[in-house]
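Summary of structural features
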Amino acid sequence: MECWDKECDNAANAICAFCGRAVCRNHTSTRPNILAMFLGNEQTPKLVPVADAIWCGFCTPQDPIPMPELY
């Protein structure tokens, strides 16, 4: 599989955690990602974040959206 960038002929080394594009080492970036969300023992929402998730740099993930109805 080749890198998503049309001007790049390198082999892909990773998959973007946000959109699924394949990218080479030169086009790989990192960005925080929320892996899971759940209610803890005190009925407070808790997150399991990943600090350095692979990001292609081409897609534009949305910022977290408040969802008070889950509380």
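Notes on the structure in this doc start here. (Residues numbered from 1 in each chain as written. Predicted model: local features only at pLDDT ≥ 70, side-chain atom pairs only at ≥ 80, totals over all residues. Heavy atoms only, no water.)

Description of the side chain of D5
Positionally, D5 belongs in the segment before strand 1 (14-15). No salt bridge is formed by the buried D5, whose closest oppositely charged neighbour, K6, lies at an N-O distance of 8.6 Å. Ignoring sequence-local partners within four residues, the contact set of D5 consists of H27 and F58. (Helix = DSSP H or I, 4+ residues; strand = E, 2+ residues; numbered from the N terminus. Buried < 20%, exposed > 50% of the residue type's maximum accessible area, 1.4 Å probe, protein only. Lys, Arg positive; Asp, Glu negative; His and termini not counted. Salt bridge = Lys/Arg side-chain N within 4 Å of Asp/Glu carboxyl O. Contact = heavy atoms within 4.5 Å.)

Here we look at the layout of surface pockets
What the largest pocket holds in volume is close to 260 Å³. Along the walls of the largest pocket sit F18, R31, P32, N33, I34, P61, Q62, D63, P64 and I65, which together make up its complete lining. Split by residue class, the lining of the largest pocket holds six nonpolar, two polar and two charged. (1 Å grid on protein atoms, 1.4 Å probe; cavity = no way out; pocket = protein on both sides within 12 Å on 5 of 7 lines; lining within 4 Å. Points joined across faces, edges and corners; volume = space filled by probe spheres on them. Nonpolar A, V, L, I, M, F, W, Y, C, P; charged D, E, K, R; others polar.)

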